[in-house]
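Here is how the chains run, residue by residue.
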Amino acid sequence: MLFNSLEYLIFFPLVYILYRFVFNKNLQIQNFFLLGASYLFYGWWDWRFLILILASSIIDFSISIQLDKTENSKKRKLLRNLSII
C-alpha cells in the first residue's frame, strides 16, 4: 500500500476513526490496535517482510523491559546499542 493509493485513502480515515472514537476508552487497546494497523499497512506491500518487523518489535520490546529493570549505566548503554544494531 502506497501513501498515494486508493487503498491508503480508505485505510487511513478508517484507522483514524476507529483509533480516535471507538477505542478511546482504553489506552492499551488503542496501542494494540495501532500496532495491528501498522503491521497491516507494512504487510500490505509484501507479507513476507512482516517477519522482519515482527522480530524487530519483539527484540526491541524485550530490550526495553530489561532497560527498565537495569540501573547500571554500562549495561544500559550496552542494551541501547544492541537495540540500535
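Residues numbered from 1 in each chain as written. Predicted model: local features only at pLDDT ≥ 70, side-chain atom pairs only at ≥ 80, totals over all residues. Heavy atoms only, no water.

*Asks:* For this particular structure, what's the right way to read the environment of L34?
*Replies:* Positionally, L34 belongs in helix α2 (residues 27–45). Along the sequence, L34 and V15 sit 19 residues apart, while their C-alpha atoms lie 7.9 Å from each other. Non-local contacts of L34, meaning those with residues more than four positions away in its chain, are made with V15 and Y19. (Helix = DSSP H or I, 4+ residues; strand = E, 2+ residues; numbered from the N terminus. Contact = heavy atoms within 4.5 Å.)

*Asks:* Would you explain the nonpolar core in this entry?
*Replies:* Core analysis: the biggest nonpolar cluster contains six residues, these being M1, Y8, F11, V15, F33 and A37. If you list the elements that add at least two residues to this core, you get α1 (6–22) and α2. For this core, the element with the highest residue contribution is α1, accounting for three residues. (Core = buried A, V, L, I, M, F, W, Y, C linked by side-chain atoms within 4.5 Å. Buried < 20%, exposed > 50% of the residue type's maximum accessible area, 1.4 Å probe, protein only.)

So yeah, pure geometry; function would need other evidence.
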